[in-house]
Amino acid sequence: MFDLKNKVAVVTGASRGIGKSIAETFASAGAIVICVSRSEDALINLVESLKASGGNAHYRTCDISDGEAFTSMVKSIVTDFGQLDILINNAGITQDTLLMRMSDEQWTQVLDINLKGAFFGIKAVMRPMMKKRWGRIINISSIVGITGNAGQANYAASKAGLIGLTKSVAKEVASRGITVNCIAPGFIKTDMTDELSDQVKEKILKDIPIGRMGDGSDIASAVLFLASEEASFITGQTIVIDGGQIIS
Ligand code: NAI
């Protein structure tokens, strides 16, 4: 139903997890997908498998917390493909510990990748999107950015920051045909959540009314909708996808 034919889409953190699911979904919807991450091997495998299923996929390696690298990567994509229509700021990390034990480095690393990386990406895509008077920017936040979470002050701050960033930029660019939205996933099965102990996983599962963890595809479907023409009247919003975990 949602067609991304001839749209050039950049997905950060595409080598695995939620980003990989988004890249797969976009490729199936006809987009020209540029998969971005730091690890080349994983990207090569992903692009090969997307192409094998008939997708139009490419990759770029980039550390998104490096502003110059992110900006020049965007420029090279615009040069090579003639346009850049969709940016998915998905790459993110955790460095969990209680605030009293949190080092400056743990704080800065998480904020630099999760929040500043998105700032770099959004800034870089503004010009090509404004030129076309069409664009979709989707930032992957987290329910933790809404509720907070003990042991994740750095991560929660970065994810709450993404929601504020989204609302502000949405207001700045709404008149130019560009929408900016957030997705706030709950507990999604990926390498990131695999790190949690079975005890923690069971505890979280008890708090999810739908009674299961999410899959990458649960997130990718909503991202596809927000990236589509059909979502052109939605901007500055955060869609929570969590199996009901934070229904209040
Ligand atoms: P993951 O750890 O499986 O994948 C993260 C991806 O980001 C990887 O491809 C990694 O290479 C890439 N990445 C990390 N730092 C990077 C950097 N500096 N430059 C370029 N790429 C970088 O994580 P997962 O679970 O797929 O999460 C994706 C996003 O969804 C993250 O922003 C995460 O915070 C968010 N999220 C995940 C949830 C979950 O339950 N898995 C829940 C809520 C939000």
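In what follows, the accompanying structure is described. (Residues numbered from 1 in each chain as written. Predicted model: local features only at pLDDT ≥ 70, side-chain atom pairs only at ≥ 80, totals over all residues. Heavy atoms only, no water.)

Things to note about the pairing of strand β5 (residues 135-140)
Among the six residues that make up β5, six are buried, leaving the element largely enclosed by the rest of the structure. For the crossover that starts at strand β4 (residues 86-89), traverses helix α4 (residues 104-132) and ends in the parallel β5, the hand is right-handed. Bridge count between β5 and strand β6 (residues 178-185): six bridges; the pairing is parallel. Across the sheet, R136 pairs through a bridge with T179, a residue of β6. (Buried < 20%, exposed > 50% of the residue type's maximum accessible area, 1.4 Å probe, protein only. Helix = DSSP H or I, 4+ residues; strand = E, 2+ residues; numbered from the N terminus. Right-handed = clockwise from strand over helix to strand, strands pointing away. Pairing = 2+ DSSP bridges.)

Here's the deal with empty space enclosed by the protein
In the structure shown here, the tally under the stated rule is one cavity of 30 Å³ or more. Of the voids in this model, the largest cavity is the one considered here, and its volume is about 50 Å³. Surrounding the largest cavity, T12, I64, N89, N90, A91, I113, N114, G117, A118, I140, K159 and L162 form its lining. Of all the secondary structure elements, the ones that give two or more residues to the lining of the largest cavity are α4 and α6 (153-173). A class-by-class count of the residues in the lining of the largest cavity yields six nonpolar, five polar and one charged. (1 Å grid on protein atoms, 1.4 Å probe; cavity = no way out; pocket = protein on both sides within 12 Å on 5 of 7 lines; lining within 4 Å. Points joined across faces, edges and corners; volume = space filled by probe spheres on them. Nonpolar A, V, L, I, M, F, W, Y, C, P; charged D, E, K, R; others polar.)

Observations regarding the pairing of strand β1 (residues 8-12)
Of all five residues making up β1, five are buried, and the element is well covered by its neighbours. With burial as the criterion, each face of β1 is covered, one bearing V8, V10 and T12 and the other bearing A9 and V11. Chirality of the crossover, the property in question, places the unit of β1, helix α1 (residues 17-28) and strand β2 (residues 32-37) among those that are right-handed. Pairing of β1 with β4 involves three bridges; the strand directions are parallel. When the bridges of β4 are listed, V11 appears paired with I88.

Focus on the packing of aromatic side chains
Two descriptors summarise a pair of aromatic rings, namely the distance from one centre to the other and the angle between the planes of the rings. Inspection of every chain in the model, using the stated rule, returns two aromatic pairs. Between the aromatic rings of F2 and F225, the centroid separation amounts to 5.4 Å while the plane-to-plane angle is 55°, which identifies the pairing as tilted. Of the two residues, F2 is situated in the segment before β1 and F225 in helix α9 (residues 216-227); the sequence distance between them amounts to 223 residues. According to the relative accessible area criterion, F2 is partly exposed, its value standing at 22%. Centroid distance F119 to F120: 5.6 Å. Interplanar angle 45°. Geometry classified as tilted. Classification of F119 by relative accessible area gives partly exposed; the value is 36%. Judged by its relative accessible area of 16%, F120 falls in the buried class. Against the face of W134 rests K7, its NZ or CZ located 3.7 Å from the ring centre. (Phe/Tyr/Trp six-rings, centres within 6.5 Å; stacked < 30°, edge-to-face > 60°. Lys NZ or Arg CZ within 6 Å of the ring centre and 35° of its normal.)

Describing the layout of surface pockets
Unoccupied space between atoms shows up once a probe the size of one water molecule is rolled over them. The volume enclosed by the largest pocket comes to roughly 1,400 Å³. If you trace the largest pocket, you find 50 residues lining it, with T94, Y155, T190, M192 and T193 closest to the centre. Going through the elements one at a time, α1, β2, α5 (144-147), α6, α7 (191-194) and α8 (198-206) are the ones with two or more residues in the lining of the largest pocket. One number sums up the size of the second largest pocket: a volume of about 270 Å³. Within the residue set of the lining of the second largest pocket, elements represented by two or more residues are α3 (67-81) and α4. Element by element, the count of residues in the lining of the second largest pocket is highest for α4, at seven residues. Across the lining of the second largest pocket, the residue classes break down as six nonpolar, three polar and five charged.

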